[in-house]
Amino acid sequence: MNKDELITKLKTIIAPYVQDEVAFKELTEDTDFVNDLKINSANLVDIILDIEDEFDIRLENEDMEQMLNVKSAMAIVTSKLNG
């Protein structure tokens, strides 16, 4: 899976939880889930569960703590898929 495909899948997963539509439309690898998209911590847990389901991976607590922006989410998903 290439970078663009991964970003597209992540956008689909996080779309229902986004509170800042303008920031979502301008989403890049550096977009922060909480500060930019205004996603609350409860919804971050939902996103993590959705990511696990979508990619059929298991995320550990340390992975979840690091998943604060699009770039870190991509890195974690990629490492799990290639692991």
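Calculation notes
- Residues numbered from 1 in each chain as written.
- Predicted model: local features only at pLDDT ≥ 70, side-chain atom pairs only at ≥ 80, totals over all residues.
- Heavy atoms only, no water.
- Helix = DSSP H or I, 4+ residues; strand = E, 2+ residues; numbered from the N terminus.
- Buried < 20%, exposed > 50% of the residue type's maximum accessible area, 1.4 Å probe, protein only.
- Contact = heavy atoms within 4.5 Å.
- Salt bridge = Lys/Arg side-chain N within 4 Å of Asp/Glu carboxyl O.

Let's shift gears to the environment of L6. In this fold, L6 is placed in helix 1 (residues 3-14). On the basis of relative accessible area, L6 is assigned to the buried category, the value being 4%. Sequence-distant contacts of L6, defined by excluding residues within four places in its chain, comprise M1, F55, M74, V77 and T78.

Before going further, it helps to spend a moment on the pattern of salt bridges. Overall, the coordinates contain five salt bridges when judged by the stated rule. A salt bridge links E54 to K9, with the shortest nitrogen-to-oxygen separation between them at 3.2 Å. Taken together, the positions of E54 in helix 3 (residues 41-55) and K9 in helix 1 put the pair 45 residues apart, joining distant regions of the chain. Among the residues examined, E54 registers a relative accessible area of 40% and is labelled partly exposed. Note that K71 and D30 form a salt bridge whose closest N and O atoms lie 3.5 Å from each other. Linking K71 in helix 5 (residues 70-82) with D30 in the loop between helix 2 (21-25) and helix 3, this pair joins segments that are 41 residues apart in sequence.

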